[in-house]
Amino acid sequence: MRTIYPLNDGWGFTEQYSPALLTTAGLEGLTPVRLPHTVKILPYNHFSQMDYQMLSGYARVLHAPEDWQGKYVALTFFGAAHRATVYLNGQQMADHNTGYTAFTVDLSDKLRWGQDNLLTVALDSRDSLDTPPFGKVVDYMTFGGIYREVELEVADQRRIADVFVQADMDGALTCEFSVQHAGGLTLEAAVLDEDGTVLAQAAAPAQTGTISMQVPHVRPWRVDDPALYRLRVRLLERGAAVDETLVRFGFRRVEFRADGFYLNGEKIKLRGLDRHQSYPYLGYAAPARAQKRDADILKYELGCNAVRTSHYPQSHHFIDRCDEIGLLVFTEFPGWQHIGGAAWKRQAVENVREMVLQYRNHPSIFLWGVRINESPDDDAFYAATNQAAHALDPTRPTSGVRCIKYSHLLEDVYAYNEFIHTGDNQGCEPKRAVTSDMSKGYFISEHNGHMYPTKPFDDEPHRLSQALRHARVLNDMMAQEDIGGSFGWCMFDYNTTRDFGSGDRICYHGVMDMFRNPKLAAAVYASQSDSRPVLTVSSTMDIGEHPGGAVGEIAVFTNADAVRLYRNDELVGTFPPSAQYPAMLHPPVLLEDTVGQLMERHEGFSREVSESVKTVLRGISKHGQWGLPQEILDQEARLQREQGISHDEIIRLYNTYMASWGGHSVSWRFEAVRDGAVVRACTLAPAETVHLEADCDSLALTDGPTWDMASIRIRAVGEQGNVLPYCTRAVCLEVQGAIELIGPKAVPLCGGMTGCYVRTTGQSGDGALIISADGAEPLTLCFSVTKA
Ligand code: GAL
């Protein structure tokens, strides 16, 4: 039977690999590190991609007890960026290229039994490597480190080497397996439900490589009911198990048809975002909790039903969570625009194989990306990548992300980065304007992104424009039956190389910032789901943020039926979702009229006069009083002639009802109304005080099998609980007890928001994080750390 030992602790690290690390004397002077590990803790922004490019070294002692002799003993590295050469007792055992898939090193024949052995890894994180994604510029930092876990497996030499579960929605299951040294043995496969009850089982001679069975009454894996099962596979010798493994899977059928994506025969519009796997300070090296949190954010905060792991396979912890919560995953092999030479291409095809072999039991994965993101056509190369994926997985279609139209479609599905939208035109083109094969499926793999970079501290109109651009693409995509869905670029801002970004090594393309704090555009996605009431107003309603003091267009992102607006507690009106986004599940409410019936009530105007005055006031708000277009001037003249309303009076009305210029500030209340009831409300008025608020994914941390990490989002809010987007105070972070801070002890608020991470230290006990800022009550988060 197999035993898995985590091997994440006890490593020593140096930024400069040298052959001295091939002997135990080399261990001296190494810095003790724990995995996941980044070769460099980096600043939030303004640093160089050269900072993490190095040939670094890792080493540790591995004691091999006598009783392991004769067994299968192997190490699996789940992610080492980007070329790892592994040595045992000075002898090279493996050389793995490309940092986004796992690799296994069989040590069985080379260990010294009953003795300490020396494991050494030379890790190259330089972008000069002849391996994907390198060879040209890349729009994301590629970091470095043994940034995922390492495991040691000790098993009988007679073992199950691999299991692939193909389970259809109708309960038909095929288990393809490979075994080693299993002559004369039997393989038994049993389907277990959540409670461990055996639902079906079958056995076959271990040489056959396949077992099929029909499982009765299965619950298919669905987005809103992601039912999971386990396949227990045992290698039996006269009824006794010599090896056993459990594989989690789901029964489901994925398909692209000409008119879109189908899960279990049911059409689903993919509504997703692209995700990088990076984090501030840590690069790629974040442990399981942080990986899972991103999946939860996508599903529960951003209301997505899908994610694209741009531009490489990502942590199994992330995908495991997608399996558990019903988040569909489009995963692709590593690469960015560039196709290299023959060796590079061979490696890329190998990367497809590793991706498919390592990820094919995840029910959430519905599509393999087997084209280098945004690369040109290369038929021979892409015939090979498609062939590799199809040979290892007949159950899933292939695709590949293009930025070119009508390219050669060797995959099953055309995926296109649709950047046509510039703010006031169509959100996307029809399928027929892009794809070279109308009979195959089509979807949008990216939109927006670099078309409109947006910082959380940009002004309101800018943030609103980003949000409405995402809304426009979502709407126009939804309106077209034969577009399978879309993935917005992207989930969160990311550190990028000097060739991209805003000069500070950040691409501000996210609907969230790097700490996963939401920008306004996040609310566009959140409001498309019905799982919780959403009400996000695009404006703080502060007049000084806008030219001429008029707040102008206000959008409310909500999943309610309507929004009620009150001005100083007086009802202005009830506003329905905008007719400009008819295909969205929940279009935003666009508020152009913040005056409503107030002038009828307070000035005694008739409805008709009030509407006519409002037209003039809106004209002033848009064009200023001296630049009014002729039709507005005519309207104003008519009001003067017929109602005796002078220009001065118009300006008074403007200042009273539109801009509040020269009057007291106004308090605005927004209520989201669903089925006649207020399901959510917020009040917007200038804040008098600053309060700190923080949310943390977990106050209970577990040290083991790796270090654990809590992610904390911090924001400054006023007394009404609204984020203060221009609050720039410094936030001080202090930790006590059994936790450590990752990153600096003081961080600025950006857009009123920031964040931090704390990690476990190997000790159990209590810990505290104290968050403070001048003039605000400090917050203390109390953690408890247990050891697994
Ligand atoms: C795409 C690319 C992404 C990112 C994005 C920015 O061309 O695939 O990686 O750079 O543009 O919008």
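Please refer to the structure higher up on the page.
Calculation notes
- Residues numbered from 1 in each chain as written.
- Predicted model: local features only at pLDDT ≥ 70, side-chain atom pairs only at ≥ 80, totals over all residues.
- Heavy atoms only, no water.
- Helix = DSSP H or I, 4+ residues; strand = E, 2+ residues; numbered from the N terminus.
- Rg over C-alpha atoms; globule rule 2.2 N^0.38 Å.
- Buried < 20%, exposed > 50% of the residue type's maximum accessible area, 1.4 Å probe, protein only.
- Contact = heavy atoms within 4.5 Å.
- Areas by Shrake-Rupley, 256 points an atom, 1.4 Å probe, with all protein chains shown as cover.
- Core = buried A, V, L, I, M, F, W, Y, C linked by side-chain atoms within 4.5 Å.
- Pairing = 2+ DSSP bridges.
- Axes fitted to C-alpha atoms, helices over the stretch in contact; angles between N-to-C directions.
- Near = heavy atom within 4 Å.
- Polar contact = N/O pair within 3.5 Å; in protein donor to acceptor, adjacent residues only side chain to side chain.
- Nonpolar A, V, L, I, M, F, W, Y, C, P; charged D, E, K, R; others polar.
- Expected span 1.5 Å × (residues − 1).
- Arc of directions from axis to C-beta.
- Disulfide = S-S within 2.5 Å.
- Salt bridge = Lys/Arg side-chain N within 4 Å of Asp/Glu carboxyl O.

### Concerning the overall build of the protein
Looking only at helices and strands, one finds ten helices and 49 strands in the protein. In terms of C-alpha radius of gyration, the protein reaches 29 Å, essentially the compact-globule figure of 28 Å for 788 residues. When burial is assessed residue by residue, the protein has 59% of its 788 residues classed as buried. Across the protein, the fraction of contacts at a sequence separation of at least 24, relative to all contacts at a separation of at least 6, is 69%. When the accessible area of the protein is evaluated, it comes to approximately 29200 Å², of which 49% is carbon and sulfur surface.

### Observations regarding the nonpolar core
The nonpolar side chains of a soluble globular protein tend to be buried with one another. Judged by nonpolar contacts, the single largest core of 60 residues is most densely connected at Leu 298, Leu 302, Phe 381 and Phe 557. Element by element, the count of residues in this core is highest for helix 3 (residues 342–359), at seven residues. Among all residues touching Leu 302, those that are not within four sequence positions of it are Leu 273, Ile 297, Met 491, Val 511, Met 512, Ala 522, Tyr 525 and Ala 526. If you look at the next biggest cluster of nonpolar residues, it comprises 49 residues, including Val 39, Ala 64, Trp 113 and Tyr 494.

### Focus: the sheet that holds strand 15 (residues 186–192)
One open sheet accounts for four strands, arranged 16-15-18-19; its pairing is antiparallel. The open sheet has two edge strands with one neighbour each: strand 16 (198–205) and strand 19 (240–249). Taking the axes of each pair of neighbouring strands and ignoring which way they run, one obtains an average angle of 15° across the sheet. Two elements, strand 15 and strand 18 (residues 229–237), share seven bridges in a ladder whose sense is antiparallel. Note that in strand 18 the partner of Thr 186 across the bridge is Leu 236.

### Side note on the pairing of strand 13 (residues 159–167)
With seven of nine residues buried, strand 13 is to be regarded as a mostly interior element. Relative to strand 14 (residues 172–180), strand 13 runs antiparallel, the two sharing eight bridges. Counterpart to Asp 162 in the pairing with strand 14 is Ser 178. The hairpin turn running from strand 13 into strand 14, its antiparallel successor, is four residues long, and Gly 171 in that turn takes a positive phi close to 95°.

### Quick word on the site of the ligand
What surrounds the ligand is a group of 13 residues, the closest being Asp 139, His 311, Glu 374, Glu 446 and His 450. A distance of 2.4 Å is found between an oxygen atom of the ligand and a side-chain nitrogen or oxygen belonging to Asp 139. Protein chains bury 95% of the 300 Å² of accessible surface belonging to the ligand in isolation. Counted by class, the shell around the ligand contains four nonpolar, six polar and three charged residues.

### Comments concerning the sheet that holds strand 35 (residues 554–558)
On the basis of which strands lie adjacent, the open sheet formed by three strands has the order 34-35-38 and antiparallel pairing. Among the strands making up the open sheet, the edge pair consists of strand 34 (535–537) and strand 38 (589–591). The sheet shows a mean angle of 20° between the axes of neighbouring strands, direction not considered. Bridge count between strand 34 and strand 35: three bridges; the pairing is antiparallel. Bridging from a neighbouring strand, Thr 536 pairs with Phe 557 of strand 35. Lying on the sheet, helix 5 (residues 460–478) is in contact with strand 35 and strand 38; it crosses strand 35 at an angle near 50°.

### Thoughts on helix 10 (residues 647–658)
Between its terminal C-alpha atoms helix 10 stretches 15 Å, which fits the 16 Å expected from twelve residues at 1.5 Å a residue. Among the residues making up helix 10, those that are buried are Ile 650, Ile 651, Leu 653, Tyr 654, Tyr 657 and Met 658. Down the axis of helix 10, the smallest arc covering the buried residues is 160°, so these residues share one side. In this structure, the buried residues of helix 10 make contact with strand 36 (562–567), helix 7 (598–603), helix 8 (607–623) and helix 9 (630–643). Just downstream of helix 10 lies Ser 660, where phi reads positive at about 50°.

### Here's the deal with the state of the cysteines
Applying the stated criterion across every chain yields a total of zero disulfides. In this structure Cys 304 is not part of a disulfide, and its nearest cysteine sulfur, from Cys 322, lies 11 Å away. Its sulfur unpaired, Cys 756 is 8.3 Å from the next cysteine sulfur, which belongs to Cys 696.

### Points about the environment of Ser 375
You can see Ser 375 is positioned in the loop between strand 26 (365–369) and helix 4 (379–392). Ser 375 gets classed as buried once you look at its relative accessible area, which sits at 1%. Once the C-alpha coordinates of Ser 375 and Trp 336 are considered, the two residues, 39 residues apart in sequence, prove to be 7.2 Å apart. If we skip the residues at most four places from it in the chain, Ser 375 touches Gln 337, Ile 339, Tyr 382, Val 401 and Ile 404. A polar side-chain atom of Ser 375 sits 2.5 Å from a polar atom in the side chain of Tyr 382.

### Brief notes about helix 4
With 14 residues, helix 4 should reach 20 Å at 1.5 Å per residue; the first-to-last C-alpha distance of 20 Å fits that figure. Looking at helix 4, one finds that the buried residues are Phe 381, Tyr 382, Thr 385, Asn 386, Ala 388 and Ala 389. Around the axis of helix 4, the buried residues are gathered within 155° of arc, so they sit on the same side. The exposed set on the far side of helix 4, more than 90 degrees from its buried face, consists of Ala 380, Gln 387 and Ala 391. The secondary structure elements touched by the buried residues of helix 4 are helix 3, strand 26 and strand 27 (398–399).

### Comments concerning the side chain of Asn 97
By secondary structure assignment, the location of Asn 97 is in strand 8 (residues 91–97). When its relative accessible area of 19% is taken as the criterion, Asn 97 is described as buried. Among residues more than four places away in sequence, those in contact with Asn 97 are His 82, Arg 83, Thr 131, Gln 347 and Asn 351.

### Some details on the pattern of salt bridges
In this structure the tally under the stated criterion is 53 salt bridges. Arg 253 is the partner of Asp 168 in a salt bridge, and the nearest nitrogen-oxygen pair spans 2.6 Å. Pair noted here: Asp 168 is in the loop between strand 13 and strand 14 and Arg 253 is in the loop between strand 19 and strand 20 (254–257), with a separation of 85 residues, a long-range link. Close ionic contact of Asp 493 with Lys 519 constitutes a salt bridge, the shortest N to O distance being 2.7 Å. Taken together, the positions of Asp 493 in the loop between strand 31 (485–488) and strand 32 (494–495) and Lys 519 in the loop between strand 33 (506–507) and helix 6 (520–526) put the pair 26 residues apart, joining distant regions of the chain. Of the two residues examined, Asp 493 and Lys 519, each falls in the buried class. Shared partners join several salt bridges into a network, and the residues in it are Arg 248, Asp 296, Asp 320, Arg 321 and Glu 324.

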